[in-house]
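# An overview of the molecular structure
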Amino acid sequence: MPEFLLEIGVEEMPARWLPGLTEQMRQRFTELAQASLLVPERVQSFSTPRRLVVTGQVAARQADREEKVWGPAAKIAKDAAGNWTKAAEGFAKKSGVAVDQLQQAPRDPALPAELNLLHVKRTAGRNARDVLPAAIAALLRGLAFPKRMSWDAWLEDGKGTLPFGRPIRWLVALLDAQVVPLTIYEAQAAAKGRTIVESGDTTYGHRFLPPGAAGRAVRVRSFEDLRRHLEEQRVVLDPARREEI
């Protein structure tokens with residue numbers, strides 16, 4: 001299964017916020033990936049005052065699926081002359097198929113003689129890279145901060161402005177080293193303005209360390225890459241490791 005990695009880089013947050021937000025990142029991403037039929041596994045989350053990170057494995061593609069859509073009772077689907085009724089024709093039109101393509105089956109297994117019209121809707125699975133942008137947007141909106149702020153940001157997800165705990169300054173969003181596209185726009189007069197943050201593969205190190213190379217931009221390809229490069233830049237993601245050090 002491909003590895004998914006998301007790092008939300010922000011202006012500095014209070015350290016007391018981090019335990020709750022870290023667990024929220026893990027739980028919320030797991031829920032969203034499950035709802036998106038991406039079957040998440042081994043989801044982990046980490047944080048520092050300037051970043052929230054979640055990583056895990058997801059399916060490369062949603063499974064194809066079938067859904068039963070029930071229509072009117074079969075006994076009212078045809079008139080006395082055997083012609084399709086308006087009810088049957090309307091259900092076929094709504095289902096996007098010819099009326100002759102409709103099936104008949106008992107909706108209630110306990111009443112096998114009582115048939116209804118039935119359309120089996122088949123939906124092809126989408127690639128994870130096409131599904132994940134909506135999941136990331138929902139994750140950004142779904143995090144509960146002790147205090148949110150408006151920073152004049154806009155998401156093109158139908159919900160408009162994006163309040164957040166602190167302004168977002170960068171996003172690393174990768175699926176097996178390939179960038180998952182997501183754009184945050186400036187909110188101008190309650191509408192979409194210019195691009196202010198675009199997802200990519202570049203993270204940033206400690207603001208002050210190491211001397212002479214603070215805040216360096218570093219390109220990453222995986223979570224292990226992120227962890228290793230950040231430690232080189234004096235940023236330790238794992239709180240247990242920070243405590244040990």
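Source: prediction; values computed, not measured.

This part is about the pattern of salt bridges. Taken as a whole, this structure holds 16 salt bridges when the rule is applied. Put simply, Glu-12 and Arg-207 hold a salt bridge, and the shortest N to O gap is 2.7 Å. Here the residue Glu-12 occupies a position in the loop between strand E1 (3-10) and helix H1 (18-35), and Arg-207 occupies one in the loop between strand E13 (202-204) and strand E14 (217-219), the gap between them amounting to 195 residues. Residue Glu-12 is classed as partly exposed on the basis of its relative accessible area of 42%. When the shortest N-O distance is used, the salt bridge between Arg-26 and Glu-23 registers 2.4 Å. Of the two residues, Arg-26 and Glu-23 are both situated in helix H1; the distance of three residues between them amounts to about one turn of the helix. Given a relative accessible area of 30%, Arg-26 falls into the partly exposed group.

Here we take up the packing of aromatic side chains. Under the definition given, this model contains five aromatic pairs. Relative to Phe-29, the ring of Phe-4 has its centre 5.0 Å away and its plane inclined at 15°; by these criteria the two rings are stacked. Linking Phe-4 in strand E1 with Phe-29 in helix H1, this pair joins segments that are 25 residues apart in sequence. The burial state of Phe-4 is the same as that of Phe-29; both residues are buried. Three or more aromatic residues joined by ring pairs make a cluster, and in this case those are Trp-17, Phe-145 and Phe-164.

With antiparallel pairing, five strands are arranged side by side in an open sheet as E2-E3-E1-E9-E10. Looking along the sheet, the strands with just one partner apiece sit at the ends: strand E2 (41-48) and strand E10 (178-179). Here seven bridges tie E1 to strand E9 (residues 168-175), and the two strands are oriented antiparallel to one another. Following the sheet pairing, Leu-6 is matched in E9 by Ala-173.

Glancing now at H1. Over its 18 residues, H1 extends 25 Å from the first C-alpha to the last, a length consistent with the 26 Å expected when each residue adds 1.5 Å. All buried positions along H1 are accounted for by Leu-18, Leu-21, Thr-22, Met-25, Phe-29, Leu-32 and Ala-33. The buried side chains of H1 occupy one side of the element, clustering within an arc of 110° when seen end-on. Turned more than 90 degrees off the buried face of H1, the exposed positions are Pro-19 and Ala-35. Check the buried side of H1 and you find it contacts E1, E2, strand E3 (51-57) and helix H3 (128-142). Phi turns positive one or two residues past the end of H1, at Leu-37, with a value near 65°.

For the pair H1 and H3, interaxial distance at closest approach is 10 Å and the crossing angle is 140°. In terms of their interaxial angle, H1 and H3 are classed as oblique. The handedness of the crossing between H1 and H3 is right-handed. Of the residues in H3, those in contact with Gln-24, Met-25, Arg-28, Phe-29 and Leu-32 of H1 are Leu-132, Ala-135, Ala-138, Leu-139 and Gly-142. Tallied by class, the residues present in the contact of H1 with H3 amount to seven nonpolar, two polar and one charged.

Calculation notes
- Each chain carries its own residue numbering, running from 1 in the written order of its sequence.
- The predicted nature of this model means local features are confined to residues of pLDDT at least 70 and side-chain atom pairs, given and counted, to a pLDDT of 80 or more, with totals for whole chains, interfaces and linings taken over all residues.
- The side-chain figures draw on all heavy atoms in the structure; neither hydrogens nor water molecules are used.
- Put simply, a salt bridge is a Lys or Arg side-chain nitrogen that is within 4 Å of an Asp or Glu carboxyl oxygen.
- Helix numbering and strand numbering both begin at the N terminus, where a helix is a DSSP run of H or I of at least 4 residues and a strand a DSSP run of E of at least 2.
- Burial classes: relative accessible area under 20% of the type maximum marks a residue as buried, over 50% as exposed, and values in between as partly exposed (1.4 Å probe, protein chains only).
- Centres within 6.5 Å make a pair out of two Phe, Tyr or Trp rings, where for Trp the six-membered ring is used; the pair is then stacked when the planes are under 30 degrees apart, edge-to-face when over 60, and tilted otherwise.
- DSSP-based pairing: two strands are paired if at least 2 bridges between them are found.
- In this analysis, the expected span of each helix is defined as 1.5 Å times one less than the number of residues it contains.
- Taking the helix axis as origin, the arc is that swept by the directions to the C-beta atoms.
- The contact rule is simple, with two residues in contact once any of their heavy atoms fall within 4.5 Å.
- Note on method: axes are straight lines fitted to C-alpha atoms, helices fitted across the in-contact stretch only, with angles between N-to-C directions ranging 0 to 180 degrees.
- Any angle between 65 and 115 degrees counts as roughly perpendicular, while under 35 counts as roughly parallel, over 145 as roughly antiparallel, and the rest as oblique.
- Note: crossing handedness is left-handed where the near helix turns anticlockwise from the far helix by less than a right angle, and right-handed where it turns clockwise.
- The residue classification treats Ala, Val, Leu, Ile, Met, Phe, Trp, Tyr, Cys and Pro as nonpolar and Asp, Glu, Lys and Arg as charged. All others, Gly included, are polar.

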